[in-house]
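Geometric and topological summary
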Amino acid sequence: MLQLQHHIFLPNMADKINTLPFLLFLLCLSNHIVESREPFACDPRLGLTRSFKFCRVNLPIHVRVRDLIGRLTLQEKIRLLVNNAAAVPRLGIQGYEWWSEALHGVSNVGPGTKFGGAFPGATAFPQVITTAASFNESLWEEIGRVVSDEARAMYNGGLAGLTYWSPNVNVFRDPRWGRGQETPGEDPVLAGKYAASYVRGLQGNNGIRLKVAASCKHYTAYDLDNWNGVDRYHFNARVSKQDLEDTYNVPFKSCVVQGKVASVMCSYNQVNGKPTCADPYLLKNTIRGEWGLSGYIVSDCDSVGVLFDTQHYTATPEEAAAATIRAGLDLNCGPFLAIHTENAVRGGLLKEEDVNMALANTITVQMRLGMFDGEPSAQPFGNLGPRDVCTPAHQQLALHAARQGIVLLQNRGRTLPLSRTLQTVAVIGPNSDVTVTMIGNYAGVACGYTTPLQGIRRYAKTVHLSGCNDVFCNGNQQFNAAEVAARHADATILVMGLDQSIEAEFRDRKGLLLPGYQQELVSRVARASRGPTILVLMSGGPIDVSFAKNDPRIGAILWVGYPGQAGGGKLPMTWYPHDYLAKVPMTNMGMRADPSRGYPGRTYRFYKGPVVFPFGHGMSYTTFAHSLVQAPREVSVPLASLHVSRNTTGASNAIRVSHANCEALALGVHIDVKNTGDMDGTHTLLVFSSPPGGKWSTQKQLIGFEKVHLVTGSQKRVKIDVHVCKHLSVVDRFGIRRIPIGEHDLFIGDLKHSISLQANLEEIKS
């Protein structure tokens, strides 16, 4: 098997230090020379703190919060409404920077985190789109746990905060979106499960106490950065109630309800004419009311200023400040609220009590983090330091995650795995010897890199040619040399694709083809290659590589995301042909197809046209067989109350989820999975459901998945939990979730099983 592995080393020291004991010695030594962080508040060395009720750890947090807010002046309160919250020296409270990032490792994108000294870097896990392809909830949670270990260690060393504005759980709706790489893909259930798992890993399981505080972003219907002259600051996303409930809000609900996240970030864009950060229905009613957020709501950076200066949503800045806080916003990333909130209060647009409620939400999170408990070293996680960052175990987990996320798209004639007897491998392509490209965006400083070229060199002698100067590949002058190299090698590996110059924040893609002359390079090298040719694609978004899929000279195709290492995942997004784009403007937020307008729909759930590779596609080096052991065939849906209207339940032959007794509708489906091939392998079992035919337009939807490792010839029984109210329901055009009565189909690998849902509507009283 081809494996492109991370190498563990300190920056700039790889050639001098090769022994693990010496590395550990340096890390332990550095741990002892780091001074401990000063207490954020309630320093036991300060006599005045002894009299403050908010410093008494034995009191309930809400009592401490109320006491602290009661001691603050209006001016002090207002300076706490922004990310760079000011100190309150008279109460012994330090300033705090709320903005830190941990999308797939501790990052220095936000001002709250810095690298240097005893913390030169942190473990850089694969970009989220790659990790999502593993379809492995336990892996996502474990990555979160490791990231929060390193975050706490850096906080203890004075170089990071404890509030991390991650993960990004927006649905990857359009393949051009430059930030799609940050997300768990196009399926809302997958994104929701990822969100809850990663958040649990970050925040820990210590009851009300938090290890770090996560934040799910960007709420909601945010998935356009800059396309055809429309940018995220000016975009008004017109979203139906159906799509909002059925797609866009699903991951955020899971993040809050299942993940119990400490924060949600509202987005720049408007939704149906209202800025999300000023919409009380989205913030106060939905996030905090319906879903029960126990935490704070923060704006994307400068988005309060954007809704006034760019969107002209209010006539005055004071009105903008008042509108956001009244809608449920608690914290502003940016200075806007610090500048304009006092005048909003003085002018009667806002009550001081509204400011108090916002502060109660943010300060409560700080107290749950232990920031008002005095000496950090005496608290849980206070012993974490430099020895707990970039550890060999953490690096091994990053490698493990990358292996699980890589997707084998094609393997003609069992080209892979390559034989270890190969003498020479030609390694060609603009991404063949890259470093920073491998970790994608919102990353920090990695502990170290091994490029694809370096990884391959561990197994064979290599001949390396980039073929292009960069991924733009604006010329073919170097192609002749690449052909010569392929002609003389035993195998050829082409590492092509994209990087942050093509897809990134504020940079949406213009097309889905390989940039520049990359396609010509692949085809010419494949024709010249003496041995098998493997195409490796490094990207966050999908690429139309139909030419390679149909080229018999290209034996195998791998998608490695960011970064690339070998493994076996499933695609978390559809790979569309390039001509799909002409039918779907990025500004059209509709998910469902509309044949009358020639609109084909979006994602595997609603699009029925041709694809390059479908959602959930991914091959293995071995084969697997499925057999259904146990699954219900008929299920009676009990009603939560007999006092239910026929109009809301029976007219559409579907029961409102709110009218069903959902607790009684948890089903177990048992499947035997057997490795029938001649190699050990890991199988990702995906389970989809499809509603009865007719008015419900969803083709199928993912309802569960399980990762199973099987040695050749072995078998394992897997149980998939199916919750009728969640997994067999659909959303109507009014945004109401219903359970259709009739035959629902389950698709389990290559199996199909039908479940008949029935309800005794005669018992319903008007």
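Residues numbered from 1 in each chain as written. Predicted model: local features only at pLDDT ≥ 70, side-chain atom pairs only at ≥ 80, totals over all residues. Heavy atoms only, no water.

Of regular secondary structure, the chain possesses 21 helices and 27 strands. Referenced to the eigenvectors of the C-alpha coordinate spread, the extents of the chain come out at roughly 80 × 75 × 50 Å. In the chain, which comprises 766 residues, the proportion classed as buried is 61%. The contacts of the chain with a sequence gap of at least 6 include a subset with a gap of at least 24, amounting to 76%. Positive and negative side-chain charges of the chain, numbering 75 and 64 respectively, have mean locations separated by a distance of 2 Å. (Helix = DSSP H or I, 4+ residues; strand = E, 2+ residues; numbered from the N terminus. Buried < 20%, exposed > 50% of the residue type's maximum accessible area, 1.4 Å probe, protein only. Contact = heavy atoms within 4.5 Å. Lys, Arg positive; Asp, Glu negative; His and termini not counted. Charge placed at Lys NZ, Arg CZ, Asp CG, Glu CD.)

With that settled, the discussion passes to the sheet that holds strand β19 (residues 654–656). Neighbouring strands of a sheet are bound in pairs by backbone hydrogen bonds; such pairs are parallel or else antiparallel. Read from one edge to the other, the open sheet built from three strands follows the order β19-β25-β24, with strand pairing classed as antiparallel. The outermost strands of the open sheet, each flanked by one partner alone, are β19 and β24 (730–731). In terms of strand pairing, β19 meets strand β25 (residues 737–740) through three bridges, oriented antiparallel. Across the sheet, Ile655 pairs through a bridge with Ile739, a residue of β25. (Pairing = 2+ DSSP bridges.)

We now examine the sheet that holds strand β3 (residues 216–219). As summarised here, the arrangement of the three strands in space is β3-β7-β10, forming an open sheet in which the pairing is parallel. If you trace the sheet from one side to the other, it starts and ends with β3 and β10 (296–299), each paired once. Looking at each pair of strands side by side, their axes are set apart by 30° on average, direction ignored. For β3 and strand β7 (residues 263–266), the ladder comprises two bridges, and the chain directions are parallel. What sits directly across from Tyr219, in β7, is Cys266. (Axes fitted to C-alpha atoms, helices over the stretch in contact; angles between N-to-C directions.)

A few words on helix α12 (residues 336–346). Taken together, the buried positions of α12 are occupied by Phe336, Leu337, His340, Thr341, Ala344 and Val345. Looking down the long axis of α12, one finds its buried residues gathered within 145° of arc, a one-sided arrangement. Pointing more than 90 degrees away from the buried face of α12 are the exposed residues Ile339 and Arg346. Structurally, α12 contributes buried residues whose contacts are with α3 (74–78), α10 (303–309), α11 (317–327) and α13 (352–368). Gly348 occupies a position one or two residues after α12 and carries a positive phi of about 80°. (Arc of directions from axis to C-beta.)

With that settled, the discussion passes to the packing of aromatic side chains. For the structure shown, the criterion picks out 26 aromatic pairs. When the ring of Tyr96 is compared with that of Trp98, the centres are 5.3 Å apart and the planes differ by 80°; the resulting orientation is edge-to-face. Residue Tyr96 is classed as buried on the basis of its relative accessible area, which comes to 7%. Ring pairs connect the aromatic residues Phe135, Trp140, Tyr194, Tyr198, Tyr604, Phe615, Phe688 and Phe705, which therefore count as one cluster. Between the NZ or CZ atom of Arg37 and the centre of the ring of Tyr155, over which it lies, the distance is 3.9 Å. The ring of Phe705 carries the charged tip of Lys193 above its face, separated from the ring centre by 6.0 Å. (Phe/Tyr/Trp six-rings, centres within 6.5 Å; stacked < 30°, edge-to-face > 60°. Lys NZ or Arg CZ within 6 Å of the ring centre and 35° of its normal.)

The description of two helices packed together rests on the angle between their axes and the distance between the axes. Contact geometry for α11 and α12: axes closest at 8 Å, N-to-C directions at 95°. In terms of orientation, α11 and α12 fall into the roughly perpendicular class. Contacts from Pro317, Glu318, Ala320, Ala321, Ala322, Thr324 and Ile325 of α11 reach α12 at Phe336, Leu337, His340, Thr341, Asn343 and Ala344. (Parallel < 35°, antiparallel > 145°, perpendicular 65-115°, else oblique.)

Turning our attention to the confidence of the model for the chain. Residue-level pLDDT values for the chain average 92, and 92% of them are 70 or greater. Confidence over residues 1–34 falls short of pLDDT 50; this stretch has 66 contacts with residues more than four positions distant or in other chains. The model gives residues 645–651 a pLDDT under 50, and that stretch makes 19 contacts with residues more than four places away or in other chains. (pLDDT = per-residue confidence, 0-100.)

All right, on to the state of the cysteines then. Scanning the model with the defined rule gives seven disulfides in all. Here Cys216 engages in a disulfide with Cys255; their sulfurs sit 1.7 Å apart. Taking the sign of the torsion about the S-S bond as the criterion, the disulfide between Cys216 and Cys255, at about 55°, is right-handed. With Cys216 in strand β3 and Cys255 in helix α8 (residues 250–257), this residue pair connects regions lying 39 residues apart in the sequence. For Cys255, a relative accessible area of 0% corresponds to the buried category. Across a sulfur-sulfur distance of 2.0 Å, Cys301 and Cys333 are joined as a disulfide pair. With the S-S bond torsion at 80°, the cross-link from Cys301 to Cys333 turns out right-handed. One end of the pair, Cys301, is in the loop between β10 and α10; the other, Cys333, is in the loop between α11 and α12, with 32 residues separating them in the sequence. Assigned by exposure class, Cys301 and Cys333 land together as buried. (Disulfide = S-S within 2.5 Å.)

What follows concerns the pattern of salt bridges. Tallying each qualifying case throughout the model produces 35 salt bridges. The closest approach of N and O atoms between Lys752 and Asp745, which form a salt bridge, is 3.7 Å. The exposed category is assigned to Lys752, whose relative accessible area is 57%. Counted as one network, the salt bridges with shared partners bring together Arg179, Glu182, Asp225, Arg232 and Glu505. (Salt bridge = Lys/Arg side-chain N within 4 Å of Asp/Glu carboxyl O.)

Core analysis: the largest hydrophobic core is formed by 194 residues, its most contacted members being Phe54, Phe372, Leu537, Val545, Trp559 and Trp575. Looking at which element gives the most residues to this core, the answer is helix α5 (residues 137–156), with nine residues. With 28 residues, the next largest nonpolar core counts Leu667, Ile671, Val724 and Leu757 among its residues. (Core = buried A, V, L, I, M, F, W, Y, C linked by side-chain atoms within 4.5 Å.)

In this section: the environment of His744. Relative to the assigned elements, His744 resides in strand β26 (residues 742–748). Through-space distance from the C-alpha of His744 to that of Tyr607 is 20 Å; in sequence the pair is 137 residues apart. Setting aside its immediate chain neighbours within four residues, His744 contacts Ser690, Pro691, Pro692, Leu728, His753, Ser754, Ile755 and Leu757. Among the polar contacts listed, one links the side chain of His744 to the backbone oxygen of Pro740, at a separation of 2.8 Å. (Polar contact = N/O pair within 3.5 Å; in protein donor to acceptor, adjacent residues only side chain to side chain.)

Before going further, it helps to examine helix α14 (residues 392–405). Count 3.6 residues to each turn of an α-helix, and residues three or four apart come out pointing the same way. Here α14 is 14 residues long and its end C-alpha atoms lie 20 Å apart, about the 20 Å a rise of 1.5 Å per residue gives. Taken together, the buried residues of α14 touch α4 (128–132), α5, β11 (407–411), β16 (556–559) and β22 (701–710). (Expected span 1.5 Å × (residues − 1).)

Before going further, it helps to examine the pairing of β22. The buried fraction of β22 amounts to eight of the ten residues, a majority that puts the element mostly inside the structure. Two elements, strand β21 (residues 681–690) and β22, share nine bridges in a ladder whose sense is antiparallel. Counted as the bridge partner of Thr684 is Lys707 from β22.

Okay, the packing of α5 against helix α6 (residues 188–203) next. Between α5 and α6, whose axes approach to 6 Å, the crossing angle comes to 35°. For the pair α5 and α6, the crossing hand works out as right-handed. Residue-level contacts link Glu137, Trp140, Glu141, Ile143, Gly144, Arg145, Val147 and Ser148 of α5 to Leu190, Lys193, Tyr194, Ser197, Tyr198, Arg200, Gly201 and Leu202 of α6. Broken down by class, the residue content of the contact of α5 with α6 amounts to seven nonpolar, four polar and five charged. (Left-handed = near helix turned anticlockwise from the far one by under 90°. Nonpolar A, V, L, I, M, F, W, Y, C, P; charged D, E, K, R; others polar.)

Attention now goes to the pairing of β11. Where burial is concerned, most of β11 is hidden: five out of the five residues are buried. Taken together, the four bridges between β11 and β16 define a ladder with antiparallel strand orientation. Bridge assignment links Asn411 to a residue of β16, and that residue is Ala556.

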